[in-house]
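Structural features, examined
Listed below are the residues making up each chain.
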Amino acid sequence: MDLNSLKLFATVIEAGSMSRAAARLGISQSAVSQAVKALEANLAAELLDRSRKPVRPTAAGETLYGESRTLLADAERLRALVGRTSGQGLARLQLGLVDSICAAVGPGIVPTLDGLAQVWSLQAGLSHEIVDSFLNRALDLAVISEPVLPRGLPLLQEEICRETYLLAVPKSYAGPLDRLERLCSEVDLIRYSARSAIGQQIDRHLTRLRLTPPRRMEFDDAEPTLAMVASARGFAITTPLCVLQGQTWLPRIRLAPLPGPRLTKAFLLIARAGRCDLEAEALTAACRRSLRDEALPRAAKLDPLLAQCLTVPPES
């Protein structure tokens, strides 16, 4: 029994099937199955209840999984400690960021990344894309928007910031903004797509309010969404970081608080428990610092409401 076989077994439990574990590890399903059988033979114990889907550990498998997580975490800490004491840091660090947070903090965290790893990479995209890459172990750390993670995963989570949703309407719109149902009846809603976390959260909010505006236009990104608002094609429910991302269009847009129930979302930095703990701590601090020193002052200058709707936790 070695660390590789323990890591493989832990991946099977976390993925819920051998096929998904194989995809995450980049090996064949038969190789995963053979490795699990070899581990069971080595321990003289059945580790998986194969009659259930998703696959579940037996009592012996649950014990092994719990203890293996501790061993794998200790091995990771030892590897990281040796790297730091040698002055080299991690050999490689892969970070994923949601598009809107990447636009706000990406340039500001580069010096921190330089100090954490000999080689690092940065990937940006939609939240579900970043989560998929993280779950498939293509990323060591990720900053995502809540809530998009499967429950029950042993993860470290640190809040980077929290946004309160607001309205973006064309400057030419002169109607009242105190009732969302009236706005939806008078002006088209320019939506964020249902593929995006922000689009899904807005859809749930509208459903709770029993509002069903037609789906005429929807986009993944802030830039085309706000471009349509600026062109008086409709209004949007958006966030401060999305407005910063599409600030080119702000001179032709009016911002206002979202009427009715308050709607917020947090950005979270996630890491696997026991892996890259210190790197996660350093990047959390760097993201918050970049938001406080750069994004918040820029937001306040563009429109005080933007800064009021963006909250960054204090330094630990």
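Structure first, text after, so check above.
A word on the overall build of the protein. On a plain count of helices and strands, the protein comes out with 12 helices and 13 strands. Within the protein, the fraction of its 316 residues that count as buried is 49%. Looking at the protein alone, contacts between residues at least 24 apart form 73% of all its contacts between residues at least 6 apart. Accessible surface, the protein as shown: approximately 15000 Å² in total, 52% of it carbon and sulfur.

Attention shifts here to the sheet that holds strand 7 (residues 166-170). Within the open sheet, the 3 strands sit side by side as 10-7-11. Their pairing is antiparallel. In the strand order of this sheet, the two ends are held by strand 10 (236-238) and strand 11 (253-257), each with one partner. Neighbour to neighbour, the strand axes of the sheet diverge by 30 degrees on average, direction disregarded. Where strand 7 lies against strand 10, 3 bridges are found, and the strand directions are antiparallel. Paired with L167 across the strands is I237, a residue of strand 10. Each of strand 7, strand 10 and strand 11 touches helix 9 (residues 222-230); the most contacted strand, strand 7, lies at about 50 degrees to it.

Turning our attention to the packing of aromatic side chains. Using the criterion set out here, one finds 0 aromatic pairs in the structure. Geometry around F134 places R272 over its ring, the cationic atom sitting 4.2 Å from the centre.

Spatial ordering of the open sheet is given by 4-3-5-12-6-13, a layout of 6 strands whose pairing is mixed. Sheet topology places strand 4 (117-125) and strand 13 (310-311) at the edges, where each strand pairs with a single neighbour. In the sheet, strand 3 (residues 90-98) pairs with strand 4 via 8 bridges, with the strands oriented parallel. Looking across to strand 4, one finds that L90 is bridged to A117.

A separate point is the nonpolar core. Counting residues in hydrophobic clusters, the biggest one holds 58 residues, and the most contacted among them are I101 and L291. No other element matches helix 11 (residues 277-302), which puts 8 residues into this core. Sequence-distant contacts of L291, defined by excluding residues within four places in its chain, comprise I101, A104, V105, I160, C161, L241, L296, P297 and V312.

Bringing empty space enclosed by the protein into the picture now. Inspection of every chain in the model, using the stated rule, returns 1 cavity of 30 Å³ or more. Empty space within the largest cavity amounts to approximately 160 Å³. Along the walls of the largest cavity sit 16 residues, with V98, S100, L126, I198 and D220 positioned nearest its centre. The set of elements that each furnish at least two residues to the lining of the largest cavity consists of helix 5 (99-116), helix 8 (197-208) and helix 10 (240-245). Counted by class, the lining of the largest cavity contains 7 nonpolar, 5 polar and 4 charged residues.

Let us now look at the state of the cysteines. Counted under the stated rule, the structure contains 0 disulfides. Take C102: it sits in no disulfide, and the sulfur closest to it among the cysteines is that of C287, at 9.5 Å. Lacking any disulfide linkage, C184 is separated from the closest cysteine sulfur, that of C242, by 18 Å. Take C184: its relative accessible area is 15%, and that puts it in the buried class.

Along helix 9, the residues that are buried comprise A222, T225, L226, A227, V229 and A230. Buried residues along helix 9 sit in contact with strand 7, strand 8 (190-192), strand 9 (217-219), strand 10, helix 10 and strand 11. One or two residues past the end of helix 9 sits A232, with phi positive at roughly 60 degrees.

How each quantity is defined
Residues numbered from 1 in each chain as written. Predicted model: local features only at pLDDT ≥ 70, side-chain atom pairs only at ≥ 80, totals over all residues. Heavy atoms only, no water. Helix = DSSP H or I, 4+ residues; strand = E, 2+ residues; numbered from the N terminus. Buried < 20%, exposed > 50% of the residue type's maximum accessible area, 1.4 Å probe, protein only. Contact = heavy atoms within 4.5 Å. Areas by Shrake-Rupley, 256 points an atom, 1.4 Å probe, with all protein chains shown as cover. Pairing = 2+ DSSP bridges. Axes fitted to C-alpha atoms, helices over the stretch in contact; angles between N-to-C directions. Phe/Tyr/Trp six-rings, centres within 6.5 Å; stacked < 30°, edge-to-face > 60°. Lys NZ or Arg CZ within 6 Å of the ring centre and 35° of its normal. Core = buried A, V, L, I, M, F, W, Y, C linked by side-chain atoms within 4.5 Å. 1 Å grid on protein atoms, 1.4 Å probe; cavity = no way out; pocket = protein on both sides within 12 Å on 5 of 7 lines; lining within 4 Å. Points joined across faces, edges and corners; volume = space filled by probe spheres on them. Nonpolar A, V, L, I, M, F, W, Y, C, P; charged D, E, K, R; others polar. Disulfide = S-S within 2.5 Å.

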